[in-house]
Amino acid sequence: MKKFRVAIILISVLLVAALAAGCGSKPSGQSGAGGNAASGGDTIKIGFMGALTGSEASYGIETLKGMNMAAGDLNKAGGVLGKKIEIVQSDHGSQLSQAAAVVQKMISQNHVVAIVGDPTTGKTKLAAPICQQNKVVMLSAGAVGPGVVEIGDYIFRDTLLDSVAAPAVTKYLVNDLGWKKVALVTSTNNDYSVGLTKIFEKALADNKATIVDRESIQDGDKDFSAQVTKIKQSNPDGIIFTGYYTEGGLFMKEVRRQGMNLKMAGGDGMLSPVLWKLGGQAVEGSMVYTGFAADPANAAPQTKEFIKKYQAANDNKLPDMFSAQGYDAVMLLARAMKDANSIDPSKFKDTLAQTKDYKGVSGNITFLPNREPVKSPVYLLEVKNQQFAIKKVIPTAAPTE
Amino acid sequence: MENWLAGLINPYYEQVLMMVGIYIIAALGLNLITGMCGQLSFGHAAFLSIGAYTAAIMTRNLHLPFIPCVFAGGLMAALFGALLGLPVLKLTGDYLGIATLGFGEIVRVVFTNLKITGGAIGLAAIPRDTNLINVLVFVVLTVWAMSYLHNSRFGRALAAIREDEIAAESMGINAMFYKVQAFALGCFFAGMSGAFYAHLLQYLNPSDFGFARSFDILNFVVLGGLGSIPGAIVGTAVLTLAPEFLRFVAQYRMMIYGALLVLMMIFRPNGLLGGVDFRRLLRRRRQKAAVAGN
């Protein structure tokens, strides 16, 4: 009975403490400023939605780094409309069920005017209706899947879409590398792959290349000998592979085993060192496109500066796509607020939508009338000596429907 | 009604409270299966997802009213619960646990590959029909139903099966019949809970209903005290609110949450309210008062 009482007291103390802290604590932002409503206070609050723990933490942490860098740069230059930018951070622990509460909290407790996030498409889709209903601008710095900006006129994203990148890459493959006959490989249980295949099919048709062979694989497959044998018979100029790096690496191994010297091209689903860890020499020369590559030598001036600053703060590590897009997201929001001369989301959402050819650190950004972003350029990387090296920087154009 | 509520309670707290209510419904369902009837289930999230997807597809694609869809979600989950229960409840203990775990994975994989559920991309644009009032009403209904069952002939039969199945059989209780009924009924509540979940989050993804989620719900019940209705409610409330209000400690949040669980199991292995009979406590207090009065 005594033990019981001790436990009860212990737990109630913990709970009360947690409750008190939960209710009493002011938004835990970077500057730790007071919790007035954004419109009345002297700070502009921008929320970060993403994971700092759990399986998606690496995306979230990088995005937040970029956002904090942007806020620092803006505040050093005097802030926006005379107010400091404050990043309100949150963490949903990579869990869908917590994401809604996190977003709701930032909107109703911290009174953010805009939220940057989530890096994943799924959680962006969950948060977007909440932002739309509460009239808070949401700018995702990572969502690439379909059906995001369609949710409402407060919803944006600053990522390179496959529908923009793949046609540009296809044009290069067909016209510059002479891929007139192409084998197209799809992983049928992978939504990303199925979607990307559709985009490539259209792009290949537009560029008058023929698909001489279509092969289906599944994520998790290990043996591709049957598919590769069929590809051999059709004798293509190159292979377009829309799946992930694991299958990509193994697939190329089989291609080399059967004595073909073909090269493979694919989307950023293959952007991982695992590609050559599994594929070894077989993936040398394979090409992968991505929206951002840290290339200190050939980058645009603003990107160069960003890379330098990022390296200074992060032990010389090169920034990735998420930190660059997080940086651009905050900069885009700040610019829209300046243009609208207001931090009212219902006003600056319109100026944000008019963003045209903005020179961001992750590339040039234009929002189409349907709020979908068009980013330029796309980086085509090539595996060279078991490393990704930039093969070609390709300018993109708005998708034609 | 909604506006009146919005003025009274911060939307964030409202969101958290709704989540607690939704989990309470699911936990009470599992409490019926595991707590009252003693059948281990590691697949409760699967029934939650069946209810969630059924109701969501009905309101989203067929534009049916919400409350009937909640019941439909519950019924669909109950149907699958009965179908699974018939072969699987012949197993006992760990074996049953593993069979239900397997079923949970099957459901998740099926939802990932079905077209109507949106596959791995998930199901978005579900109308937001869940509100604090309808969640509260269903929580009250569930609690009432559970306490009614607890003290009924049915509830006593389940308790007999839990304590000793062979003895129960020898007393003329058709154990299989009662076990399947309890399983289906527990799944019915999980399905309803899932329906509310879907219409609160407005987005469903199969990856959200993995083994971890099943385990969460089992945690609620075990921490609260197996077989105790107030226990399941308190356990759910504590374990849902703790991670939410521990947000201020950021990265240490889940560590404290884990420590809380460990402490609990050391000090109260039967759960917070396990083995606590409120009626008996009240009676004893009254007796004491009477003695003191004399």
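Residues numbered from 1 in each chain as written. Chains lettered and ligands numbered in written order. Predicted model: local features only at pLDDT ≥ 70, side-chain atom pairs only at ≥ 80, totals over all residues.

Quick word on the overall build of chain B
Part 1 of the reasoning: A count of helices and strands for chain B gives 13 helices and 0 strands.
Part 2 of the reasoning: Scaling as 2.2 N^0.38, a compact globule of 294 residues should have a C-alpha radius of gyration of about 19 Å, and chain B matches this with 20 Å.
Part 3 of the reasoning: The C-alpha extent of chain B, read off along each of the three principal axes, is 65 × 50 × 40 Å.
Part 4 of the reasoning: Looking at the 294 residues of chain B, the share that counts as buried comes to 48%.
Part 5 of the reasoning: Partitioning the intrachain contacts of chain B with sequence separation of at least 6 by distance along the chain shows that 79% fall at a separation of at least 24. (Helix = DSSP H or I, 4+ residues; strand = E, 2+ residues; numbered from the N terminus. Rg over C-alpha atoms; globule rule 2.2 N^0.38 Å. Buried ≥ 20, exposed ≤ 12 C-beta atoms within 10 Å, placed from the backbone. Contact = placed C-beta atoms within 7 Å.)

Topic: the overall build of chain A
Part 1 of the reasoning: The helix and strand tally for chain A stands at 12 helices and 15 strands.
Part 2 of the reasoning: Looking at chain A as a whole, 52% of its 401 residues are labelled buried.
Part 3 of the reasoning: Pairs at least 24 apart in sequence give 67% of the contacts found in chain A among residues at least 6 apart.

A few points about the UniProt feature "transmembrane region" (unreviewed entry) in chain B
Residues and elements named next belong to chain B.
Part 1 of the reasoning: Under the present numbering, the feature "transmembrane region" (unreviewed entry) in UniProt falls on residues 12–33, 64–86, 106–126, 132–149, 180–200, 220–242 and 254–273.
Part 2 of the reasoning: Helix and strand shares over residues 12–33 are 100% and 0% respectively, and the end C-alpha atoms of the span are 32 Å apart.
Part 3 of the reasoning: In residues 64–86, the share of helix is 91% and the share of strand is 0%. The end C-alpha atoms are 31 Å apart. (UniProt positions renumbered as here; feature names shortened; annotations may be inferred.)

Observations regarding the sheet that holds strand E11 (residues 358–360) of chain A
Residues and elements named next belong to chain A.
Part 1 of the reasoning: One open sheet holds the 3 strands; their spatial order is E11-E12-E13, and the pairing between them is antiparallel. Of all the strands in the sheet, just E11 and strand E13 (373–376) have a single pairing partner and so form its edges. Strand-to-strand twist across the sheet, computed as the mean angle between neighbouring axes with direction ignored, equals 30°. (Pairing = 2+ DSSP bridges. Axes fitted to C-alpha atoms, helices over the stretch in contact; angles between N-to-C directions.)

So, the confidence of the model for chain A
Residues and elements named next belong to chain A.
Part 1 of the reasoning: Overall, the predicted model of chain A reaches an average pLDDT of 86, with 89% of residues at or above 70.
Part 2 of the reasoning: Confidence, read as mean pLDDT per element, is least for helix H1 (residues 2–24) in chain A (51) and greatest for strand E3 (residues 114–116) (96).
Part 3 of the reasoning: Across residues 17–39 the pLDDT falls below 50, and counting only partners more than four positions away or on other chains, this stretch makes 41 contacts in the model. (pLDDT = per-residue confidence, 0-100.)

Overview of the sheet that holds strand E8 (residues 238–241) of chain A
Residues and elements named next belong to chain A.
Part 1 of the reasoning: The mixed open sheet is built from 7 strands, whose spatial order is E7-E6-E8-E9-E10-E14-E15. Two strands close off the open sheet at either side, each with one partner strand: strand E7 (210–217) and strand E15 (388–394). Neighbouring strand axes in the sheet, compared pairwise and without regard to direction, differ in orientation by 25° on average.
Part 2 of the reasoning: Summarising the sheet, strand E6 (residues 181–187) and E8 pair through 4 bridges and their orientation is parallel.

A short note on the UniProt feature "domain: Leucine-binding protein" (unreviewed entry) in chain A
Part 1 of the reasoning: Residues annotated by UniProt as "domain: Leucine-binding protein" (unreviewed entry) correspond here to residues 43–385 of chain A.
Part 2 of the reasoning: For residues 43–385 of chain A, the helix share is 43%, the strand share is 19%, and the end-to-end C-alpha distance is 49 Å.

Quick look at helix H10 (residues 211–224) of chain B
All names here are of chain B.
Part 1 of the reasoning: The end-to-end C-alpha distance of H10, which contains 14 residues, comes to 20 Å, matching closely the 20 Å that a straight helix rising 1.5 Å per residue would cover.
Part 2 of the reasoning: Along H10, the positions that sit buried rather than exposed are Arg213, Ser214, Ile217, Leu218, Phe220, Val221, Val222, Leu223 and Gly224.
Part 3 of the reasoning: Gly225 occupies a position one or two residues after H10 and carries a positive phi of about 120°. (Expected span 1.5 Å × (residues − 1).)

Things to note about the nonpolar core
Part 1 of the reasoning: Core analysis: the largest hydrophobic core is formed by 210 residues, its most contacted members being Ile46, Val103, Val116, Met138, Val330 and Leu333 of chain A.
Part 2 of the reasoning: The greatest single-element share of this core, amounting to 16 residues, is contributed by helix H9 (residues 175–201) of chain B.
Part 3 of the reasoning: Each of domain 1 (35–159 + 304–367) and domain 2 (163–290 + 379–394) of chain A contributes no fewer than three residues to this core.
Part 4 of the reasoning: Here Leu333 of chain A is in contact with Ile46, Ala114, Val137, Leu139 and Leu352 of chain A, once residues within four sequence places are set aside. (Core = buried A, V, L, I, M, F, W, Y, C linked by C-beta atoms within 7 Å. Domains from an automatic or database assignment.)

Some words on helix H11 (residues 229–245) of chain B
Part 1 of the reasoning: Here H11 of chain B contains 17 residues, and its C-alpha end-to-end distance of 24 Å stays within 8% of the 24 Å for a straight helix at 1.5 Å per residue.
Part 2 of the reasoning: Three or more residues of H11 of chain B are buried, namely Ile229, Gly231, Ala232, Ile233, Gly235, Thr236, Leu239, Thr240, Glu244 and Phe245 of chain B.

Digging into the domain arrangement of chain A
Bring the parts together and some accessible area is lost; that lost area is often taken as the interface size.
Part 1 of the reasoning: Looking at chain A, the domain boundaries give domain 1 (35–159 + 304–367) and domain 2 (163–290 + 379–394).
Part 2 of the reasoning: Taking only C-alpha atoms into account, the centre of domain 1 of chain A sits 33 Å from that of domain 2 of chain A.

Concerning unusual backbone geometry
Residues and elements named next belong to chain A.
Part 1 of the reasoning: Cis peptide bonds are those with omega within 30 degrees of zero, and the linkage from Gly117 to Asp118 qualifies with -10°.
Part 2 of the reasoning: The linkage connecting Ser376 with the following residue, Pro377, adopts the cis geometry, with an omega of 0°.
Part 3 of the reasoning: Within the secondary structure, Pro377 is located in the loop between E13 and strand E14 (378–383).
Part 4 of the reasoning: Residue Asn316 is not a glycine yet carries a positive backbone phi of 70°.
Part 5 of the reasoning: Relative to the helices and strands, Asn316 is located in the loop between helix H10 (301–313) and helix H11 (321–340).
Part 6 of the reasoning: Taking the C-beta count within 10 Å as the criterion, Asn316 has 8 such neighbours and is therefore assigned exposed.
Part 7 of the reasoning: Even without being glycine, Asn385 reaches a positive phi, approximately 50°.
Part 8 of the reasoning: By the element assignment, Asn385 lies in the loop between E14 and E15.
Part 9 of the reasoning: For Asn385, a count of 7 C-beta atoms within 10 Å puts it in the exposed group.

Considerations on the pairing of E13 of chain A
All names here are of chain A.
Part 1 of the reasoning: Side-chain alternation along E13 places Pro373 and Lys375 on one buried face and Val374 and Ser376 on a second face that is also buried.
Part 2 of the reasoning: As paired elements, strand E12 (residues 363–367) and E13 share 4 bridges and run antiparallel to each other. Looking across to E13, one finds that Phe367 is bridged to Pro373.
Part 3 of the reasoning: Two successive antiparallel strands, E12 and E13, enclose a turn made up of 5 residues, where Arg371 displays a positive phi of approximately 70°.

With respect to the packing of H10 of chain B against H11 of chain B
Each pair of packed helices can be described by the angle between their axes along with the distance between the axes.
All names here are of chain B.
Part 1 of the reasoning: Where H10 contacts H11, the two axes come as close as 7 Å, and the packing angle between them is 120°. On the basis of the axis angle, H10 is oblique to H11. Here H10 runs over H11; the crossing is right-handed. Between H10, through Asn219, Phe220, Val221, Leu223 and Gly224, and H11, the contact on the second element is made entirely by Gly231, Ala232, Ile233, Val234, Gly235, Thr236, Val238 and Leu239.
Part 2 of the reasoning: A per-class count over the contact of H10 with H11 returns 8 nonpolar, 5 polar and no charged. (Parallel < 35°, antiparallel > 145°, perpendicular 65-115°, else oblique. Left-handed = near helix turned anticlockwise from the far one by under 90°. Nonpolar A, V, L, I, M, F, W, Y, C, P; charged D, E, K, R; others polar.)

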